Structures are given as structure tokens and as C-alpha cells.
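Summary of the model geometry
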Amino acid sequence: MKVLLLSTYEKTGGAAIAASRLLQALRHNGVEATMLCRKNNIGKQSWTSIMERAVIWMFNGFSKKDLWATDIALFGQDITKTREYREADVIHLHWINQGFISLFQIERFIKDGKKIVWTMHDAWNTMGAYHLAIQRRESLMERWTWRRKRELYSLNKIQFVTCSRWLREETRRSELTEQLSVKAIPNPIDTALFAPQSTKKHGRRVLFVAQNVNNPMKGMSYLDEAVAMLKGNDAVELIALGRDIPYINDEVEMARLYNSVDAFVLPSLSENLPNTIMEAMACGVPCVGFDVGGIPEMIDHGRNGYVARLKDARDLAEGIRFVLDPENRERLGRAAREKVMQCYSEAAVARKYMEVYDG
């Protein structure tokens, strides 16, 4: 069996990283898998991506509002002539927006007799054009994309997968996707690369990582407020990647960074199954996060980290204090590593996907 993974990006963003890691996990476990990403022919964007943004811009009354918060999957690049597509038995879709794969092309894949698996990395599949429910508003663009998805889904030829149980339940609550077959399979991680190292700890160093620290949805303001509450013996050194130190793309360097800190905090206001928490836990670093999305599935409150009340900076500060307590830190770190080995290792995740491909 040959599997072709499709992802707009290869390494940019959490969904792309997850897709690339799954590719590696499948290959390491005997699956003949390849991946195609969007071909960039014009600078950083393809013509299909430019056309897609232009149509969204017109839908929005020539306003830039929601220009990058929405996707209509109207345009896409033709991959059906590639050798990878022709030889594939399974087409495994990931995050394929911004002009890479259109909804019409997915219908073509089905007509070609390909088995379709689609891993959802956010809630876009459950709505019309929007990726986040809290940003959604009614519009002609939203209604048109919703109807086009309903036509595609009605063919009943796609096996959907969510990275978290939380998103699976959101899928079941949506009128658009409530009748679909949906499985929950987490993202994998290389537990040999992201592993505890004998790096000197500092005792009070806390790390925050996000692709864009200035994105309000990443909750940086709540973390700054929480850190300000920790004074005296509870004071901490906060390192925000991309703000306090330059952004790191190399995974080896990222593993070293995780191993140099004593706790990892992700105060996001919306998350699916964040790679950053998984990476930190794999390195034996206890984590703190808000009770949102898939975070409570990863952090077992009080056992391998701390789950704080959403948008509660004071509880976030209490969580940081809890995981940095010398009486808790080592126990929490060991439990975090054990959780990753049991649930998110390459072998564990690849085995679940192989069952989906064969099913």
C-alpha cells in the first residue's frame, strides 16, 4: 500500500510539522509514504493562492477583514499528473488550504478511486470558510463554502481524523459534520530527538513558544500578567521564543532549549493538540496551559503538569508555582515523558493510522 500525504506547507506551522512527523513515523514503521506540498511559483505564493485571496477579498466587499482567517478552497494545484498521485492507494489530506487543494479536486480524487483520509488540524472542516468558531460570522462566502462542503461530504467517501478528542466532539456537534465517520488519532513525535538531556537547569526558567507571539489568540498578555504576580522567592525568568530570543527552526536546537528550562507554559485561548506541549513533555519538562481545546488531554492536571482556568492569569501563576515547586518538578517531568511514550510515540501513532488505511 502506498500513501500520499498532502500539506500546504512542509515545516511552517503546527499542522505542517505534524504532517511531516507523521510521514517520518509511517516510514519508520514500514509504510511506503510520500508527501507533496504546494509548489511556490511566484515568490512565496502560487497563483492559485493569489486567486483565492482575491476572491475572498471581493467576497468581503474589498475589505482585508478575515482575509487570512478564511479559506474557500475554490482554487487548487493539479497534482493528478504526478507520479506520486498515480501510484498512491491512499490520499491523506492534512492542512491543504491557501490555494493548494480545492474541494473540487478532492471530489476528483474520489472519482479516481482513491481512498481518502483527512486529518483535521483545526475546525475548518466543520464550518464554511472560517478556521476558528470564535471568528465566524455569517456571509455569502461562509454559506457558499458550507454548501460546497456538504455536497462533498454527502458522497460518504472520506475517513476523517482529528488530532484531539476535543475536536472530534466539536465535529460531532456541527450540523455539517455530525453524521461523518470521525476517529481521534494524536500527532506523533520523535521521542529519540525530543528526550531528556543532562542539561543544567536553572530552577526558575519558564519557556513560551508560538509561531507568532503577537497573535492575541496565543495569550501572551495572560502569561506576562501571571509572571508579574510571581515575586520574591516565586519570581521566574520568562523566555518567549521570537520575543526574548530569536526564533529557532532547527529541531535539535529546540530540544536543547526545552531541556534548558524548568517549565513550559502555553496560555493559548484556542488550541487543538499543540506540538509545543508534546515536545516539552517528551523532554521531561512539566507544562502549564489553559483548559481549552486538546490541552487537558495532554496535561493530566496535577500528575504531569497543571491545567489553569481559561483566561485566568492568577490561576496560570498558581500553575507555574506548582510545577516549579522542587517537591513536584521531577515527579511531574517523569510523568510527562511517560505520557508521551505511551500516547504520542511514532510507533503508537503509525499503528493507528495503518489501521485506518487498511480499514
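See the structure shown above.
For clarity, every value in this text was computed on a predicted model and none was experimentally measured. (Residues numbered from 1 in each chain as written. Predicted model: local features only at pLDDT ≥ 70, side-chain atom pairs only at ≥ 80, totals over all residues. Heavy atoms only, no water.)

1. A few points about the environment of Ser46
The criterion, for reference: Numbering of helices and strands starts at the N terminus; helices are DSSP runs of H or I of at least 4 residues and strands are runs of E of at least 2. Using a 1.4 Å probe on the protein chains alone, a residue whose accessible area is under 20% of its type maximum counts as buried, one over 50% counts as exposed, and one in between counts as partly exposed.
Mapped onto the elements of the fold, Ser46 is located in the loop between strand 2 (32–37) and helix 2 (47–59). You can call Ser46 buried: its relative accessible area is 0%. Sequence separation between Ser46 and Glu237 is 191 residues; the distance between their C-alpha atoms is 42 Å.

2. What about the packing of helix 1 (residues 14–28) against helix 13 (residues 346–358)?
Defined as follows: Axis definition: a line fit to C-alpha positions, over the contact stretch in the case of helices; interaxial angles, taken between N-to-C directions, run 0 to 180 degrees. In these notes the angle categories are as follows: under 35 degrees is roughly parallel, over 145 is roughly antiparallel, 65 to 115 is roughly perpendicular, and the rest is oblique. Contacts were defined at the residue level, with two residues in contact if any of their heavy atoms lie within 4.5 Å.
Look at helix 1 against helix 13: their axes get within 9 Å of each other, and the N-to-C directions meet at 85 degrees. Relative to helix 13, the element helix 1 is oriented roughly perpendicular. In this structure, helix 1 contributes Leu22, Gln24, Ala25, Leu26 and His28 to the contact, and helix 13 contributes Glu346, Val349, Ala350, Tyr353 and Tyr357.

3. Observations concerning unusual backbone geometry
If you check the backbone angles, Gln98 has positive phi at about 60 degrees while not being a glycine. Mapped onto the secondary structure, Gln98 falls in the loop between strand 3 (90–93) and helix 4 (103–111). What makes Gln98 buried here is its relative accessible area of 12%. Located in the positive-phi region is Lys311, a residue other than glycine, with phi close to 60 degrees. Inspection of the secondary structure assignment puts Lys311 in the loop between strand 11 (305–308) and helix 11 (313–324).

4. Here we look at the nonpolar core
Selection criterion: Take the buried residues of types Ala, Val, Leu, Ile, Met, Phe, Trp, Tyr and Cys, join any two whose side-chain atoms come within 4.5 Å, and each joined set is a nonpolar core.
Grouped together as the largest cluster of nonpolar side chains are 58 residues, with contacts concentrated most on Phe208, Leu223, Tyr258, Phe264, Ile277 and Leu316. Setting aside residues up to four positions removed in sequence, Leu223 forms contacts with Phe208, Leu238, Val265, Pro267, Leu316 and Ile320. By size, the runner-up hydrophobic cluster in this structure holds 32 residues, among which are Tyr85, Ile96, Ile101 and Leu176.

5. Things to note about helix 6 (residues 165–173)
Formally: What the arc covers is the set of directions going from the helix axis to the C-beta atoms.
Regarding helix 6, the residues found buried are Leu167, Arg168 and Thr171. Considered in projection along helix 6, the buried side chains sweep an arc of 105 degrees and stay on one side of the axis. Along its buried surface, helix 6 packs onto strand 4 (115–120), strand 5 (158–162) and strand 6 (182–184).

6. Considerations on the sheet that holds strand 11
Test applied: Any two strands with at least two DSSP bridges between them are considered paired.
In space, the five strands of this open sheet follow the order 8-7-9-10-11, with parallel pairing throughout. This sheet does not close on itself; its edge strands, each paired only once, are strand 8 (237–240) and strand 11. Ignoring which end each strand starts from, the neighbouring axes of this sheet average 20 degrees apart. When strand 9 (residues 263–266) meets strand 10 (residues 287–290), the two strands line up parallel, connected through three bridges. Bridged to Leu266 within strand 10 is Gly289. Sheet strands touched by helix 9 (residues 275–282): strand 9 and strand 10. Its angle to strand 9, the strand with the most contacts, is close to 170 degrees.

7. Here's the deal with a nonpolar patch on the surface
The line we're drawing: Here, patches come from residues exposed beyond 30% relative accessible area and free of salt bridges, joined within 9 Å for like charges and within 5 Å for nonpolar side chains (Val, Leu, Ile, Met, Phe, Trp, Tyr). Each accessible area is a Shrake-Rupley result for a 1.4 Å probe, and residues are judged covered by the shown protein chains and nothing else. Salt bridge, as used here, is a side-chain nitrogen of Lys or Arg placed within 4 Å of a carboxyl oxygen of Asp or Glu.
A cluster of nonpolar side chains, contributed by Trp57, Met58 and Phe62, occupies part of the molecular surface with about 340 Å² of accessible area. Assignment of secondary structure puts Phe62 in the loop between helix 2 and helix 3 (83–87).

8. Concerning the pattern of salt bridges
Following the criterion strictly, the structure yields 28 salt bridges and no others. Salt-bridge contacts for Arg21 lead to Glu279; the nearest nitrogen and oxygen are separated by 2.5 Å. Residue Arg21 is located in helix 1, and its partner Glu279 is located in helix 9; the two are separated by 258 residues in the primary sequence. Take Arg21 and Glu279: they sit in the same class, and that class is buried.

9. Focus: helix 11
Working note: α-helix, 3.6 residues per turn, so residues spaced by three or four point in the same direction. Quick reminder of the rule: One less than the number of residues in a helix, times 1.5 Å, gives the span that helix is expected to have. Definition of a polar contact: a pair of N or O atoms within 3.5 Å, with one able to donate and the other able to accept a hydrogen when the atoms are protein atoms, and with sequence-neighbouring residues admitted only if both atoms are side-chain atoms.
With twelve residues, helix 11 should cover 16 Å at 1.5 Å per step; its first-to-last C-alpha distance of 17 Å lies within 8% of that length. Residues of helix 11 that are buried: Ala313, Asp315, Leu316, Ala317, Gly319, Ile320, Val323 and Leu324. Here the buried face of helix 11 lies against strand 7 (205–208), helix 7 (220–229), strand 9, strand 10, strand 11 and helix 12 (326–343). The N-cap residue of helix 11 is Asp312: its side-chain oxygen and the backbone nitrogen of Arg314 are 3.1 Å apart.

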